[in-house]
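Remarks on the overall topology
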Amino acid sequence: MDTLTKLPDRTAIREDWASGKYRHSCLLLLDLDLFQAYNDHFGHTLGDTVLQKVASALAEVAKRYEGVVYRVGGDDFIVVVPNHESLNTHAIASDAQIAVHSMQIPFEHSEVLAKHEDYLTVSIGVACTELTDAQSLEEIWERADKALYKAKNQRPGGISFWSNDENSNGVN
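In this text the structure is predicted, and so the values were computed from the model without any measurement.

On to the overall build of the protein chain. Secondary structure assignment for the protein chain yields six helices and five strands. Ordered by position in the sequence, the α and β elements of the protein chain form the string α-β-α-α-β-β-α-α-β-α-β. Looking at the protein chain residue by residue over its 172 residues, the buried ones come to 50%. Of all intrachain contacts in the protein chain linking residues separated by at least 6 positions in sequence, the fraction that spans at least 24 positions is 67%.

Here it is as structure tokens:
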């Protein structure tokens, strides 16, 4: 259990995945855009408060889709939605983005942040077991991570989906 956010942590997701409960599922890897710069500018106390608020908002989104949110790193979260068709993952990812953005956590008083957005945003990479050859947590996480970095490179606050069928690098 993550002590700051009270969410299940990296150990918990490994145990849950190993139990087989996520055999047919989608994994959304979320990263708060420019959060290190936010933390550096506003301080770790405010940064911790933001992480708690984001965790709560993501938990509400996950709950609507019978999913679970995990905090897996500093400003990284994973939402796992079991037994969901990949067609619904865009709605889930959009809901997660809206939940974070609607908190309107300001990015102000900083040149780095001012070039980004007025409010905190989240980028999301999505991979579903039904659309990949991945079976292990590490494989599906790696695919979601590649999709996440494609989303971040396109623009902050983006969403990208992994698919083996789309193109040679597997990201669309």
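It is worth spelling out the state of the cysteines at this point. Working definition: the covalent bond between the sulfur atoms of two cysteines is a disulfide. Evaluated as defined, the whole model comprises one disulfide. Residue pairing for Cys26: its cysteine sulfur links by disulfide to Cys128, the two sulfurs lying 2.1 Å apart. Of note, the bridge from Cys26 to Cys128 carries an S-S torsion of about 110° and is right-handed in sense. Note that Cys26 is positioned in strand E1 (residues 25-32) and Cys128 in strand E4 (residues 122-128), a separation of 102 residues in sequence. Considered together, Cys26 and Cys128 belong to a single accessibility category, that of buried residues.

Oppositely charged side chains are able to pair whenever their charged atoms sit close together. On inspection of all chains with the given rule, the structure shows six salt bridges. A salt bridge links Lys152 to Asp31; the nearest nitrogen and oxygen atoms lie 2.7 Å apart. Of this pair, Lys152 sits in helix H6 (residues 137-154) while Asp31 sits in strand E1, and the two are 121 residues apart along the sequence. Look at Asp31 and you get buried, because its relative accessible area is 9%. As a salt-bridge pair, Asp33 and Lys152 come within 2.6 Å of each other at their nearest N and O atoms.

Attention now moves to unusual backbone geometry. A positive phi angle is found at Leu34, which is not glycine, with a value near 55°. Within the element layout of this structure, Leu34 appears in the loop between E1 and helix H2 (35-42). Not every positive phi belongs to a glycine, and Glu66 is a case in point at roughly 60°. Position of Glu66 among the secondary structure elements: in the loop between helix H3 (44-64) and strand E2 (68-71).

Counting residues in hydrophobic clusters, the biggest one holds 34 residues, and the most contacted among them are Leu28, Leu30, Leu32, Phe77, Leu120 and Ile124. Listing elements by their share of this core, those giving two or more residues are E1, H2, H3, strand E3 (76-82), helix H4 (89-101), E4 and strand E5 (159-161). If one sorts the elements of this core by residue count, H3 sits on top with eight residues. Beyond its immediate sequence surroundings of up to four residues, Leu30 is in contact with Leu58, Asp75, Asp76, Phe77, Ile78, Val79, Ala96, Val122, Ser123 and Ile124.

As a further point, take the side chain of Asp75. Summarising the element assignment, Asp75 is placed in the loop between E2 and E3. No salt bridge is formed by the buried Asp75; its nearest oppositely charged neighbour, Lys152, is found at 6.3 Å. Other than its neighbours up to four places away in sequence, Asp75 contacts Leu30, Asp31, Leu32, Phe35 and Leu51.

Cut-off values and rules
- Residues numbered from 1 in each chain as written.
- Predicted model: local features only at pLDDT ≥ 70, side-chain atom pairs only at ≥ 80, totals over all residues.
- Heavy atoms only, no water.
- Helix = DSSP H or I, 4+ residues; strand = E, 2+ residues; numbered from the N terminus.
- Buried < 20%, exposed > 50% of the residue type's maximum accessible area, 1.4 Å probe, protein only.
- Contact = heavy atoms within 4.5 Å.
- Disulfide = S-S within 2.5 Å.
- Salt bridge = Lys/Arg side-chain N within 4 Å of Asp/Glu carboxyl O.
- Core = buried A, V, L, I, M, F, W, Y, C linked by side-chain atoms within 4.5 Å.
- Lys, Arg positive; Asp, Glu negative; His and termini not counted.

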